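As a plain string of letters, each chain reads:
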Amino acid sequence: MAGFPPSRARARGSGVEDRHGIRTVAFVSLGCPKNLVDSEKMLGLLAESGLIPVSDESEADAIVVNTCGFLEASKRESLREVRRVSRLKQRGSCKRVVVAGCLVQRHRARLLEWCPQIDALIGVFDRDRIVEAVTGGPAEADSPPGTPGFPREDLGADLPIYSSIAGSAAIAMQRRGLRQPGYTEDDSARLRLTPRHYAYLRISEGCNQNCAFCTIPGIRGKMRSKPVDRILAEARELLADGAFELNLIGQDTTSYGQDIGYEPGLVGMLEALDRTVVREAGDLGGWVRLMYAYPSCFTDAMIDAVARLPRVVKYIDLPLQHVNDRVLDRMRRRTSRAQIEALLGKLRQRVPGITIRTTFISGFPGETEREHRELVRFVRDFGFDAMGVFTYSPEPGTPAGAWHAAGEAVPADVAAQRREELMLAQQEVAFARNTQAAADGLERDVLIDSPSKARPGFQPEKRRIRSAPFWYAGRGSHQAPQIDGVTYVRSREELCPGELVRCHIVGADGYDLVAQPVAELTARVSLPVVQAGHNSCNSTGPRDRPVGSP
């Protein structure tokens, strides 16, 4: 359930036509950060129209569920939420249920069979129609199928409810009279759902890679890069709104610019963005984090840009999916183990201290035990800083889904066991690295995310931590929000979300670190001074000495 800071949840418009008495709207955002950006934009449009976003569903006249349909598991989660919200409508708790996002784009007609209480559907290319969908605007009441309210190129044209589901980005652009190439949607003026100090900045949408297991091209379409000037304008807006960390997202960020003829590509965009952050944030700093990099497209120039640009954090999210050559070839990944090893070696050599995060798939159709063992050994030998593993999910309409159905499926229990073995291999690497970081007493800047009720189970060396009543969850630049571990900060002073604090790592708790502000690990004591002719003692002021000194 989306929550809204009161100061940013007020409607800014003068009101919209309202056929159903809709004044307040709640939002449920599911899925990846790219979906979250869509949710934030739709919320911004709803607020600007005069509707009031609320975080309490009991106060909502309408509820929007922005769904994920990437994998079978995400489809099930989305349907659970839509059905839950539909039951609220049946009980009279809300008047209108709107469903948006990837599940709509992929399963539009069947959604009404699964959830008849739905009042409107919005596809991934039509989020600018969200106000009409929520309020039940003129298109719903006055337009039968085939008229402007239900255009024939709309995939939901024959549905008995309001729908706007363009079959592709090109069709959506044509409807709106747009001709320029690339990402034409507007991500500005979002009502952000992330904490104020970090934000997601989408640089592209769609993908041209066509991996054998992936449904994204079928849902989100071909690669469409956002023009650099619009990326920079959005970055300035986010920085002015308090963001310290900008996480760059897209299905394939390394191919940025190729579809719109932007010759400088990702490197040129990163250079321009780095200059913008330096100019806007100044001495306050700022982090730019590159996510969703594609290994076969990662050039030497990109590596050098990450190494030399001061605001680009030394962190790469690089999904590899596998390392066995036969499996990579069947996955249509356009790379090989030798190329992967060469790329990883260059990253660690040219970008000292870089954090490399990756993901793998276990149980891909036809994967043998020998190929799985090769991947486990690779994970242990290379030692990724962070790693996730997905059990293969057969998706209709994909080549891998056809292979799975044709008899090449790895049994579900075997795929699950392989995933567990991979995660245990990574756990050994990650736990050992964190324990060593604590033993070395490393210093890191930690971005405070929130107060924490968690009390990590660790045993710090007594000389290296002092009594401190306040606990916070934060992250170093080596930790991306939501997907990586966290750094718990134990402090004697109250800290604020968004504050950047220099800390000593004083303990490890599995995938997480425990730290204390450097300033608190230096004791400040007042030494008595006997003044001439007096026996009394007066303080001459504080004097520093290391914690643990006699």
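What counts, and where the lines are drawn
Residues numbered from 1 in each chain as written. Predicted model: local features only at pLDDT ≥ 70, side-chain atom pairs only at ≥ 80, totals over all residues. Heavy atoms only, no water. Salt bridge = Lys/Arg side-chain N within 4 Å of Asp/Glu carboxyl O. Helix = DSSP H or I, 4+ residues; strand = E, 2+ residues; numbered from the N terminus. Buried < 20%, exposed > 50% of the residue type's maximum accessible area, 1.4 Å probe, protein only. Core = buried A, V, L, I, M, F, W, Y, C linked by side-chain atoms within 4.5 Å. Contact = heavy atoms within 4.5 Å. 1 Å grid on protein atoms, 1.4 Å probe; cavity = no way out; pocket = protein on both sides within 12 Å on 5 of 7 lines; lining within 4 Å. Points joined across faces, edges and corners; volume = space filled by probe spheres on them. Nonpolar A, V, L, I, M, F, W, Y, C, P; charged D, E, K, R; others polar.

Details of the pattern of salt bridges
Then, in step 1: Tallied over the full model, the rule gives 44 salt bridges.
Then, in step 2: Asp-300 serves as the salt-bridge partner of Arg-350, at 3.6 Å between the closest nitrogen and oxygen. Highlighted residues: Arg-350 in helix H13 (residues 337-350) and Asp-300 in helix H11 (residues 300-308), separated in sequence by 50 residues.
Then, in step 3: Residue Arg-350 is classed as partly exposed on the basis of its relative accessible area of 32%.
Then, in step 4: Exposure remark for Asp-300: the relative accessible area of 32% places this residue in the partly exposed category.
Then, in step 5: Residue Asp-385 pairs with Arg-348 through a salt bridge whose shortest N-O separation is 3.7 Å.

Focus on the nonpolar core
Then, in step 1: Among the nonpolar cores identified, the biggest contains 55 residues, and Leu-246, Met-269, Leu-273 and Phe-298 are the most heavily contacted of them.
Then, in step 2: Here the element with the most residues in this core is helix H10 (residues 265-281); it accounts for eight residues.
Then, in step 3: If we ignore the near neighbours within four places in the chain, the residues touching Met-269 are Ile-203, Val-228, Ile-231, Leu-248, Tyr-256 and Tyr-262.

Here's the deal with empty space enclosed by the protein
Then, in step 1: Under the criterion given, the structure shown has two cavities of 30 Å³ or more.
Then, in step 2: Estimated volume of the largest cavity: approximately 50 Å³.
Then, in step 3: Lining the largest cavity, in full, are Asp-38, Val-124, Phe-125, Arg-127, Tyr-183, Glu-185, Arg-202, Glu-205, Arg-220 and Arg-224.
Then, in step 4: For the lining of the largest cavity, the residue count by class is three nonpolar, no polar and seven charged.

Points about unusual backbone geometry
Then, in step 1: Residue Ala-189 is not a glycine yet carries a positive backbone phi of 55 degrees.
Then, in step 2: Its place among the elements puts Ala-189 in the loop between helix H7 (169-175) and strand S7 (198-202).
Then, in step 3: Taking the relative accessible area as the measure of exposure, Ala-189 reaches 25% and is therefore partly exposed.
Then, in step 4: Although it is not a glycine, Gln-482 adopts a positive phi angle of roughly 75 degrees.
Then, in step 5: Along the chain, Gln-482 falls in the loop between strand S16 (470-475) and strand S17 (487-491).

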